[in-house]
Number of protein chains: 2
Amino acid sequence: MKYLLLLFFPLSLFSQLTTTDFKAVRLKAGIQNKQFVYQVSFQGKQVIAPSTLGFDLANPSRPLDTFELIHIDSSTSNSVWRPVWGEEDEIYDFHKKVVFHLKTNSKPTVLLDIEFKISKEGAAFRYLFPKQENLQHFIVKDEKSTFHLSENVLAFWIPGDYDTNEYLYNTTRLSEVDALKAAALEKDIAVTALVDSKTIQVPLMLKSDRGLYVNIHEAALIGYPAMLLSLNKNNYSFTSHLVPDAVGNKAYLETGFSTPWRVINVAEKARDILSSRLIVNLNEPTKIAKTDWIKPQKYMGVWWEMHIGKGTWQMTGGKHAATTENTKKYIDFAAKHGFDGVLVEGWNKGWEDWFGNWKEDVFDFVSPYPDYGLNELKEYAKSKGVKLIMHHETSGAVTNYERRMDKAFQFMKDNEINTVKTGYVGKIIPRGEHHDSQWMVNHYQRVAEKAATYGIMVDAHEPVHPTGLHRTFPNWMSNEAARGTEFNNAPTLGIVPEHQTILPFTRLMGGSMDYTPGLFHFELNQFEKERKQKVLSTLAKQLALYITIYSPLQMAADLPENYEKHLDAFQFIKDVPVNWSETVVLEAEPGEFVVMARREKNKGNWYVGGITDEQARKLSIPLNFLKPNKKYQAILYKDGADAHYASNPSSYQITKQLVDASTNLSVDLAAGGGIAIQILEL
Amino acid sequence: MKYLLLLFFPLSLFSQLTTTDFKAVRLKAGIQNKQFVYQVSFQGKQVIAPSTLGFDLANPSRPLDTFELIHIDSSTSNSVWRPVWGEEDEIYDFHKKVVFHLKTNSKPTVLLDIEFKISKEGAAFRYLFPKQENLQHFIVKDEKSTFHLSENVLAFWIPGDYDTNEYLYNTTRLSEVDALKAAALEKDIAVTALVDSKTIQVPLMLKSDRGLYVNIHEAALIGYPAMLLSLNKNNYSFTSHLVPDAVGNKAYLETGFSTPWRVINVAEKARDILSSRLIVNLNEPTKIAKTDWIKPQKYMGVWWEMHIGKGTWQMTGGKHAATTENTKKYIDFAAKHGFDGVLVEGWNKGWEDWFGNWKEDVFDFVSPYPDYGLNELKEYAKSKGVKLIMHHETSGAVTNYERRMDKAFQFMKDNEINTVKTGYVGKIIPRGEHHDSQWMVNHYQRVAEKAATYGIMVDAHEPVHPTGLHRTFPNWMSNEAARGTEFNNAPTLGIVPEHQTILPFTRLMGGSMDYTPGLFHFELNQFEKERKQKVLSTLAKQLALYITIYSPLQMAADLPENYEKHLDAFQFIKDVPVNWSETVVLEAEPGEFVVMARREKNKGNWYVGGITDEQARKLSIPLNFLKPNKKYQAILYKDGADAHYASNPSSYQITKQLVDASTNLSVDLAAGGGIAIQILEL
């Protein structure tokens, strides 16, 4: 392979590329045979072989494929910033920046800048279309960013799809990637728009035989469609594939625009991929001046009982879940156990024919069902110190939602509700648009921005993949955007135990996930005997997910009556924080296991979560992240000795022991199991 | 031809069809060889030969092509209603109704009703999808209504286009229809989406060699795409062609829905087509309880001066028209001459790059340019007794408009403006939708309905063709939806003299048109010497248009300084009402001439307008519509003896004479000329 490369890129020309080093990361980039080429290496090992960058524009039609260099700017920046909420108090942003100011060879000339940022965690680039005399408005026909891996690496991937990212992950060599074949096994995703057999999604996790972990994603997805990656198996390179709009265009832009960043995280240890803050650092600081109303929270919800057939979203049929009475039960339980909020789905008119008809005017977001006494519940929740959480299911009819959004948010304000879960289950209206096309990317941002003006926090379900935008829009608290807990109830593939060990390396690279963990009842035929589905997890693993999957909105997804049966284990969910001062990734391997420790916000208490795939595993957890010379009380929520995700998920044990920084805990994780540890400063 | 028909529809079967007569109109309809067939005759002459009706549905897929009859309902209705404004005080609605309740032959069975209304003016039908057990939501793949003319009639037509109806009319036999060829001559229409060579638009005016005038249009276009007609030259039949959405579907419906009416007006005299109120009668009465805020008005505007290059919409460039100072001049002139309103275009930020980029966020509808002092002008207009008229140009970015509409209307209310001219110049956003697709049809209705809640009157430019909806939404005062005055300035085809003699038989069949007549200056190089365009009309014809083209919002389109030069002729524009108690169509022939008389609302004064095409013409106008035994003073605004639309348009003379019901005025119309007569009760 090296020999081949030399043929295409003779050394004499290579030496003209500009080299930028940041610790172990080396970027070489510049003009090569009129094309713009970049390559990345780490510790001297090739990460990205020479790869070309460019564009194809329409209206006006301009090929942006051969360039002349005008000049190069470079600089170094070292800063620290404090997120409004998150996994640590402070985030360090130390990077070098190199900007290549280019003009096209073809006439009329187009000016294009390509900007790189290199940190110890990897490299990223984006395109800037500077304001220029001969170009203002233009349409992106194609972005032609390439990522030339040149190796048949192991990949953790989901099929490329314009409308959903809720697939189960596939773990294969690149040579075995077949997106359509993988997708054909999936039967339970509401709306899909597959691309082809060779196109897959980002965040894409890769592992090379040469000991490198590489993650490709994008950062700061604003005003632009989401990026997928199309694989060329001949040379193991990827080309960017942007989600098209209703007429096949990719993006409508004006000069002065910067694309999202294309981000290559690289590390020799998998856990360092999880510690990287490169993506969030590539996002802009928030412009929201006053952020004290943005509050991480734990919540319960009238939700899972509909999934498992105890109740229904729609009022008709006699099993309506969102009644005044039932909601009060949740409020009572939430209040008793110290939860902040109660989400109520199915509270509003429209669910009788909400799904599958591509219907525009389904919900108005302000009309409760007659058996849902919102006024009464508002007062009741208030008296109990619990906040209701609003649900805005759009059914994909986003034009309808946008028309009504102001009134819907005002309605929330009038009812003293300041958190909304949005939903996009259905084919998008404007028809022909996709969940991940530019128009929808703009929509999610509009929701976040408008919500902020009403003092409202947002938790988006079925949105585009997150790209670190919670830095810019900290009230956009969390997202689904991957296969979450509800898929435990999906009859075909469900959620396999390895799933949660891949999520941190993929979906969570872009930001927090409202995974909605905490299921304590594993057979899902409680209410409908014919259900064969099971939750493929031990109970202890469900607790560990509160640590391994970060979200500032963290749900306890199961029914109060299921928690009542295991109040000792439920104590961990009650105690676990949703905001942290410090996070340490102890050990991790995608598809196998993840172990993390986090320190409670502004306190000395630590929480550890460890999870495994379908393999039982012995973990050694050194507690050297604790303060030296301090004693701690550790409460371990462990798999029972006979626990097994398939045959005995409910077996757990809770033990206590004194620990300190020198302690090395040795714990056994059951197959599909986990461990959650509370370590209280004494 | 008759022989052929007998072959296809043997008499024995025909006799099973149900016959319904209303005066000279005869409908035969029913099941024929499993298909649903209808035919229409007038005075024993065939109008529509046997023609099939049906549908093709998708999701669920259902062919609605063969039927069984369940039963027939029929009834007769005779009523009269009073429009909020219009061409007469009272409108009579005397018709027979026949409803065929059908079910499909194919399984699963679909119930479909086909409803006919027959009046002395013609016949109309629509489809009703009743609520039924096995069908609720469905997608219309195709409507298959046919109109079998069976004759090579003369047609007045414009090319079928999903985005515009601003073409010049073509007058050809059906055999000579070639929509693409005709459209290829047009260079000045901003956005087009042609269909094919055989598809043309409604309202479609036809004239047979057997002495029948036939007009095909639709009524009550609600929740459904606009209908075009595709011609089959083999048998001279038309099939409905619905405007598709972004993904090629036609309509998303639920059972309980009625389609728009397909309307066939028929008469032996062309003028009876213009007198028909069949279309407006097929629309629902308004639900607006209080209508006293809806007021016909005459207005001037900061508008034509931008078209002819005196000023610009955009502020930059030094020729901004919508300045405080210039607007005051219009207000002064309007106040002095008794106009109700002043439209101001280019008042708001965004015009610098509004057009042609398919850009979404162009205008916000609430941000005046800094040189447009809205507060000052609001007070100034008020002090002068004139109302400002708002302009909302969407540039086709309708999603943007819908998001901002509430604030935009509230802004109008805050500024005491209660009339808005909306504009849709540009490719539609949602991208892939068309001006005439279902989504946009719904949009125009949403604007009318929301505007009503704010007490706002609407004048829509570049909308779908009107279909009599002003009965249902009387605040939706007027529409453009055809080639209007601004096209005098279009360099390629302009407006030929016959154009205004066709408009009443086509565009105006659906309702009033904001044609914006009243040009007094005919060379359009006043401000830019290179302009070759001319207004192809005499001055007297410009006056006559105030009678022959009805609108409750009637503009005096020219510049104040051009009116100052002809204040004697301008007097007619000052005097002519915009609301009428009575209308008599005296004589008319499409493409040749139109003569109408109208009585001022609640008064005894009459106004007569007569126009001709490029042929000079002598008109004999019997004034027998006047009250008997009454004397009237007639003021005649006539073409000068040497007037000619091309060579001498400004020649006119004003004469007065006493007249009464027995007077028969003989007047000479110049080539491209006209006459306007004010007849004041003494």
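Okay, so let's go over this structure. For clarity, every value in this text was computed on a predicted model and none was experimentally measured.

## Re the overall build of chain A
Turning to step 1, where the next piece is worked out: Along its length, chain A carries 14 helices and 37 strands.
Turning to step 2, where the next piece is worked out: Against the compact-globule benchmark of 26 Å for 682 residues, chain A has a radius of gyration of 25 Å, which places it among compact chains.
Turning to step 3, where the next piece is worked out: Taking the principal axes of its C-alpha atoms as reference, chain A extends roughly 75 × 60 × 50 Å.
Turning to step 4, where the next piece is worked out: Within chain A, the proportion of its 682 residues that are buried is 65%.
Turning to step 5, where the next piece is worked out: For chain A, the accessible surface area stands at approximately 23,400 Å², while carbon and sulfur atoms represent 50% of it.
Turning to step 6, where the next piece is worked out: Considering chain A, the positive charge centre built from 75 side chains and the negative charge centre built from 80 side chains are found 3 Å apart.

## Remarks on the interface of chain B and chain A
Turning to step 1, where the next piece is worked out: The interface is formed by 28 residues belonging to chain B together with 28 residues belonging to chain A.
Turning to step 2, where the next piece is worked out: In this assembly, chain B packs against chain A so that about 2,200 Å² is buried in total across both faces, 50% of it on carbon and sulfur atoms.
Turning to step 3, where the next piece is worked out: In terms of surface lost to chain A, no three residues of chain B exceed H137, R403 and R431 of chain B, which account for 26% of the buried area on that side.
Turning to step 4, where the next piece is worked out: Counting across the interface, chain B meets chain A through six salt bridges.
Turning to step 5, where the next piece is worked out: In this structure, K359 of chain A engages E254 of chain B in a salt bridge whose closest nitrogen and oxygen atoms are separated by 2.7 Å.
Turning to step 6, where the next piece is worked out: Taken together, the links from chain B to chain A amount to 12 residue pairs in polar contact (both at pLDDT 80 or more).
Turning to step 7, where the next piece is worked out: Broken down by secondary-structure element, the contributors of at least two residues to the side of chain B that touches chain A are β20 (251–254), α9 (398–414) and α10 (438–453) of chain B.
Turning to step 8, where the next piece is worked out: Here the element with the most residues in the side of chain B that touches chain A is α9 of chain B; it accounts for five residues.
Turning to step 9, where the next piece is worked out: Taken together, the residues of the side of chain B that touches chain A break down into seven nonpolar, eight polar and 13 charged.

## Some words on the sheet that holds strand β31 (residues 593–600) of chain A
Residue and element names in this part refer to chain A.
Turning to step 1, where the next piece is worked out: Taken together, six strands build an open sheet; the order of strands is β30-β31-β32-β37-β34-β35 and the sheet is antiparallel. Each edge of the open sheet carries a strand with a single partner, namely β30 (580–589) and β35 (652–659). Recorded for the sheet is a direction-independent mean angle of 15° between the axes of neighbouring strands.
Turning to step 2, where the next piece is worked out: Here strand β32 (residues 606–612) runs beside strand β37 (residues 674–681); their pairing, made up of six bridges, is antiparallel. In the sheet register, I611 faces β37, and the bridge partner there is G674.
Turning to step 3, where the next piece is worked out: Helix α12 (residues 539–548) contacts β30, β31, β32, β34 (632–639), β35 and β37 of the sheet and is inclined by roughly 120° relative to β32.

## Thoughts on the side chain of T327 of chain A
Residue and element names in this part refer to chain A.
Turning to step 1, where the next piece is worked out: Structurally, T327 can be placed in helix α7 (residues 324–336).
Turning to step 2, where the next piece is worked out: For T327, a relative accessible area of 0% gives the class buried.
Turning to step 3, where the next piece is worked out: T327 has contacts with V302, A322, V344, Y372, L377 and L388, leaving out every residue within four places of it along the chain.

## What to know about the relation of the copies chain B and chain A
Turning to step 1, where the next piece is worked out: Mapping chain B onto chain A leaves a residual RMSD of 0.0 Å; the transformation is a rotation of 180° accompanied by 0.0 Å of translation along its axis. The operation mapping one copy onto its partner corresponds to a two-fold rotation axis.
Turning to step 2, where the next piece is worked out: Taken as a fraction of all interface residues of chain B, those also at the interface in chain A reach 100%, which identifies the copy contact as same-surface.

## Some remarks on the sheet that holds strand β26 (residues 419–423) of chain A
Two strands in a sheet stick together by hydrogen bonds in their backbones, pointing the same way (parallel) or opposite ways (antiparallel).
All names here are of chain A.
Turning to step 1, where the next piece is worked out: On the basis of which strands lie adjacent, the open sheet formed by seven strands has the order β28-β27-β26-β25-β24-β23-β29 and parallel pairing. Every interior strand has two partners, whereas the edge strands, β28 (476–479) and β29 (553–555), have only one. Each strand of the sheet is rotated relative to its neighbour by a mean of 30°, with strand direction disregarded.
Turning to step 2, where the next piece is worked out: As defined by bridge partners, strand β27 (residues 457–460) adjoins β28 across three bridges and the pair is classed as parallel. Among the inter-strand pairings, D459 is bridged to a residue of β28, identified as S478.

## Focus on α10 of chain B
Turning to step 1, where the next piece is worked out: Taking 1.5 Å per residue, 16 residues should reach 22 Å; α10 of chain B reaches 23 Å between its end C-alpha atoms and fits that length.
Turning to step 2, where the next piece is worked out: The element α10 of chain B is extensively covered by neighbouring structure, given that 12 of its 16 residues are classed as buried.
Turning to step 3, where the next piece is worked out: Looking at α10 of chain B, one finds that the buried residues are Q438, W439, M440, V441, N442, H443, Y444, Q445, R446, V447, A448 and A451 of chain B.
Turning to step 4, where the next piece is worked out: Where α10 of chain B is buried, its residues contact α9 (398–414) of chain A together with β20, α9, β26 (419–423), β27 (457–460) and β28 (476–479) of chain B.
Turning to step 5, where the next piece is worked out: Positive backbone phi, at 70°, marks G455 of chain B, one or two positions downstream of α10 of chain B.

## Thoughts on the packing of aromatic side chains
Turning to step 1, where the next piece is worked out: Tallied over the full model, the rule gives 72 aromatic pairs over all chains.
Turning to step 2, where the next piece is worked out: An angle of 45° between the planes, with centres 6.4 Å apart, marks the rings of F473 of chain A and W476 of chain A as tilted. Across the pair, W476 of chain A and F473 of chain A agree in class, each one buried.
Turning to step 3, where the next piece is worked out: Seen from their ring centres, W347 of chain B and F411 of chain B are 5.9 Å apart, and the 15° between their planes marks the pair as stacked. Of this pair, W347 of chain B sits in the loop between β24 (341–344) and α8 (374–384) while F411 of chain B sits in helix α9, placing them 64 residues apart in sequence.
Turning to step 4, where the next piece is worked out: Residue classification places F411 of chain B among the buried residues on the basis of a relative accessible area of 17%.
Turning to step 5, where the next piece is worked out: Three or more aromatic residues joined by ring pairs make a cluster, and in this case those are F36, Y38, F55, F100, F116, F125, Y127, F129, F138 and F147 of chain A.

## Quick notes on the environment of S666 of chain A
Residue and element names in this part refer to chain A.
Turning to step 1, where the next piece is worked out: Within the secondary structure layout, S666 lies in strand β36 (residues 664–669).
Turning to step 2, where the next piece is worked out: Expressed as a C-alpha distance, the spacing of S666 and L53, which sit 613 residues apart in the sequence, is 49 Å.
Turning to step 3, where the next piece is worked out: The residues contacting S666, other than those within four sequence positions of it, are K618 and L619.

## Observations concerning the packing of α12 of chain A against helix α14 (residues 567–575) of chain A
Residues and elements named next belong to chain A.
Turning to step 1, where the next piece is worked out: Two numbers describe how α12 lies on α14: the axes approach to 10 Å, and their chain directions differ by 10°. Classified by the angle between their axes, α12 and α14 sit roughly parallel to one another. For the pair formed by α12 and α14, the contact residues are L539, L543, Y546 and I547 on the first element and A569, F572 and I573 on the second.

## What about the environment of I72 of chain A?
Residue and element names in this part refer to chain A.
Turning to step 1, where the next piece is worked out: Along the chain, the position of I72 falls in strand β7 (residues 67–81).
Turning to step 2, where the next piece is worked out: Taking relative accessible area as the criterion, I72 reaches 31% and is therefore assigned partly exposed.
Turning to step 3, where the next piece is worked out: Beyond its immediate stretch of four places on either side in the chain, I72 contacts T18, V98, V99 and F100.

## Some points on the pairing of β26 of chain B
Residues and elements named next belong to chain B.
Turning to step 1, where the next piece is worked out: The element β26 is largely enclosed, with a buried count of five among its five residues.
Turning to step 2, where the next piece is worked out: Alignment of β26 against β27, held across four bridges, turns out to be parallel. Each bridged residue has a counterpart across the sheet, and for T422 the counterpart in β27 is A460.
Turning to step 3, where the next piece is worked out: Each parallel crossover has a hand, and for β26 linked through α10 to β27 it is right-handed.

## Section: the environment of S647 of chain A
Residues and elements named next belong to chain A.
Turning to step 1, where the next piece is worked out: Its place among the elements puts S647 in the loop between β34 and β35.
Turning to step 2, where the next piece is worked out: Owing to a relative accessible area of 58%, S647 belongs among the exposed residues under this scheme.
Turning to step 3, where the next piece is worked out: A C-alpha to C-alpha distance of 27 Å links S647 and I621, two positions 26 residues apart in sequence.

Parameters and conventions
- Residues numbered from 1 in each chain as written.
- Chains lettered and ligands numbered in written order.
- Predicted model: local features only at pLDDT ≥ 70, side-chain atom pairs only at ≥ 80, totals over all residues.
- Heavy atoms only, no water.
- Helix = DSSP H or I, 4+ residues; strand = E, 2+ residues; numbered from the N terminus.
- Rg over C-alpha atoms; globule rule 2.2 N^0.38 Å.
- Buried < 20%, exposed > 50% of the residue type's maximum accessible area, 1.4 Å probe, protein only.
- Areas by Shrake-Rupley, 256 points an atom, 1.4 Å probe, with all protein chains shown as cover.
- Lys, Arg positive; Asp, Glu negative; His and termini not counted.
- Charge placed at Lys NZ, Arg CZ, Asp CG, Glu CD.
- Contact = heavy atoms within 4.5 Å.
- Buried area = accessible area lost by both parts, 1.4 Å probe.
- Salt bridge = Lys/Arg side-chain N within 4 Å of Asp/Glu carboxyl O.
- Polar contact = N/O pair within 3.5 Å; in protein donor to acceptor, adjacent residues only side chain to side chain.
- Nonpolar A, V, L, I, M, F, W, Y, C, P; charged D, E, K, R; others polar.
- Pairing = 2+ DSSP bridges.
- Axes fitted to C-alpha atoms, helices over the stretch in contact; angles between N-to-C directions.
- Least-squares fit on C-alpha atoms with pLDDT ≥ 70 in both.
- Expected span 1.5 Å × (residues − 1).
- Phe/Tyr/Trp six-rings, centres within 6.5 Å; stacked < 30°, edge-to-face > 60°.
- Parallel < 35°, antiparallel > 145°, perpendicular 65-115°, else oblique.
- Right-handed = clockwise from strand over helix to strand, strands pointing away.

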